[in-house]
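Spelled out from the first residue to the last, the chains are:
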Amino acid sequence: MKKNELKKSKIFSSIALLLILTISAFMASAHTANAIDNIGNNIMPAASLAQGSFSDNFEGATFDPYWTLSQQGGTISLSTAQAHSGMHSALFNSPSGVNRQVWLQHTYPDASKGIITTWLYDTTPGTNNIYALLDIQNTQLGQDIGVGIMDSNPSSYHVYASGIENVPVYQRSLGWHELKIAFNTNDVQIFIDSTLVKTYAGDYSFDSVRIGVQAPSYNPNGAFYFDDFSVQRVVNSKSCLVVQGTDNLIYYRTFTVATQTWNSWNSVPGSTFDSPTATLVGSKLYIAVRSADTSNQIYFGSVDIVTNAFSGWTNLQGQTPNSPTLTSG
Ligand SMILES: [Ca+2]
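Residues numbered from 1 in each chain as written. Predicted model: local features only at pLDDT ≥ 70, side-chain atom pairs only at ≥ 80, totals over all residues.

Caption draft 1: Layout of the overall build of the protein chain. What the protein chain contains, in helices and strands, is 2 helices and 23 strands. Within the protein chain, buried positions represent 38% of all 329 residues. A fraction of 63% describes how many contacts in the protein chain between residues 6 or more apart in sequence connect residues 24 or more apart. (Helix = DSSP H or I, 4+ residues; strand = E, 2+ residues; numbered from the N terminus. Buried ≥ 20, exposed ≤ 12 C-beta atoms within 10 Å, placed from the backbone. Contact = placed C-beta atoms within 7 Å.)

Structure (structure tokens):
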């Protein structure tokens, strides 16, 4: 790409240029156009994917390293006694006589929106028992939202939100039940067996997920099975504006959805005679431009919107008389 030869402007005529929105895009479904793949760019970093989504059917030989195991007063094992999928589930066994905190847990470095799902096999409907929960927390804010079995209620599953309530919502029965909590833009929805059982209005988010059982020492023995756990986190909560400046330089600016604020302008090297095109995948803003000369070359590069590190330009070996279009899906 030719270097810009025009004087840098302090004010950008950004109107009528390109607004790229990828608000609330799930990393789990992130892909990109073939044209990007063809030049060998890695557009789905493994670390970002791992942070964005996770699922476990408990069919491995051991527990996935995603999990931190807490086996205070009990044990967690892979069992063939019950299975919602395949041959195995995770068995949480908890004998009476000690305080019990028996969990598979994972904590993320930051909070996000998203959907958490698991299946729970209820072994003892109609019986006062121990807690068996899908428990989701925001450890930074001390918030706790969950769904499952309470030790005090033999007949109903409960939902709870710390500081708000703990209430029965759905009749217990023997066998597998799907528990799902969706952290949406403006509320949290809780589902049991695909039935919406509770909505909490508010801008909630989570950074820690866990499944398992807990009980004080005086509660009876308890054994529950979990299977087919999954998390889809909305880790892409920024929007980006990319423009051709009045000086033909290429500028971008990020918008943080959670705080509804614009960060400062930045530029990438090079210049263009036309509107740039861009798409945001994780923290990488992929940009394609038409060259700033009469050769109409198409250049492609990416910038990390966290560090502002730029990849450099790659000539895609094609020509266009207009603005290119870049997409992801
Ligand atoms: Ca399974």
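Caption draft 2: Quick peek at the environment of D203. By the secondary structure assignment, D203 is in the loop between β13 (195-201) and β14 (206-215). The exposed category is assigned to D203, around which 12 C-beta atoms lie within 10 Å. As for D203 and K113, which are separated by 90 residues in sequence, their C-alpha atoms are 9.1 Å apart.

Caption draft 3: Layout of the sheet that holds strand β21 (residues 284-290). On the basis of which strands lie adjacent, the open sheet formed by 4 strands has the order β20-β21-β22-β23 and antiparallel pairing. With one partner strand each, in any of the chains shown, β20 (277-281) and β23 (314-319) form the two edges of the open sheet. Each strand axis lies, on average, 20° off the axis of its neighbour in the sheet, ignoring direction. As paired strands, strand β22 (residues 297-304) and β23 are joined by 3 bridges and run antiparallel to one another. Bridge assignment links F300 to a residue of β23, and that residue is T314. (Pairing = 2+ DSSP bridges. Axes fitted to C-alpha atoms, helices over the stretch in contact; angles between N-to-C directions.)

Caption draft 4: Up close: the nonpolar core. F92, I181, F224 and F226 are the most contacted members of the largest nonpolar core, which has 45 residues in total. Considering every element that reaches this core, the biggest residue donor is strand β6 (residues 100-122), with 8 residues. The contact partners of F226, leaving out residues within four places of it in the chain, are S89, A90, F92, T118, W119, L120 and I211. Among the nonpolar cores identified, the runner-up in size contains 20 residues, and A278, L285, F300 and L326 belong to it. (Core = buried A, V, L, I, M, F, W, Y, C linked by C-beta atoms within 7 Å.)

Caption draft 5: Inspection of the environment of H88 at higher detail. Secondary-structure assignment places H88 in the loop between β4 (75-79) and β5 (89-94). According to the C-beta neighbour criterion, H88 is buried, with 21 such atoms within 10 Å. In sequence terms H88 and D227 are 139 residues apart; their C-alpha atoms lie 7.7 Å from each other. Apart from residues no more than four positions distant in its own chain, H88 is found in contact with F58, E59, L78, S79, T80 and A83.

Caption draft 6: Broad picture of the confidence of the model for the protein chain. The predicted model of the protein chain averages 84 in pLDDT, with 83% of residues at 70 or higher. Per-residue pLDDT stays below 50 along residues 1-50; that stretch engages in 94 contacts with residues further than four places along the chain or on separate chains. (pLDDT = per-residue confidence, 0-100.)

Caption draft 7: View of the pairing of strand β12 (residues 187-192). Alternating residues of β12 divide into V188, I190 and I192, all buried, and D187, Q189 and F191, none buried. Between strand β11 (residues 175-183) and the antiparallel strand that follows it, β12, lie 3 residues. When β12 meets β13, the two strands line up antiparallel, connected through 6 bridges. Bridge assignment links D187 to a residue of β13, and that residue is A201. With antiparallel pairing between neighbouring strands as the criterion, β12 and β13 make up a hairpin whose turn holds 2 residues, including D193 at a positive phi of roughly 50°.

Caption draft 8: View of the pairing of strand β9 (residues 156-161). The pairing of strand β8 (residues 143-149) with β9 spans 4 bridges and is antiparallel. Across the sheet, the residue bridging to I145 is A161, located in β9. Hairpin remark: β8 followed by β9, antiparallel, with 6 residues in the connecting loop. Relative to strand β10 (residues 165-171), β9 runs antiparallel, the two sharing 6 bridges. If you follow H158 over to β10, its bridge partner there is P168.

Caption draft 9: A look at unusual backbone geometry. The backbone of D193 sits at a positive phi, close to 50°, despite the residue not being glycine. If you trace the backbone, D193 turns up in the loop between β12 and β13.

Caption draft 10: Spatial organisation of the environment of S230. Counting through the fold element by element, S230 comes out in strand β15 (residues 222-234). Note: C-alpha distance between S230 and T118 (112 residues apart in sequence) is 6.4 Å.

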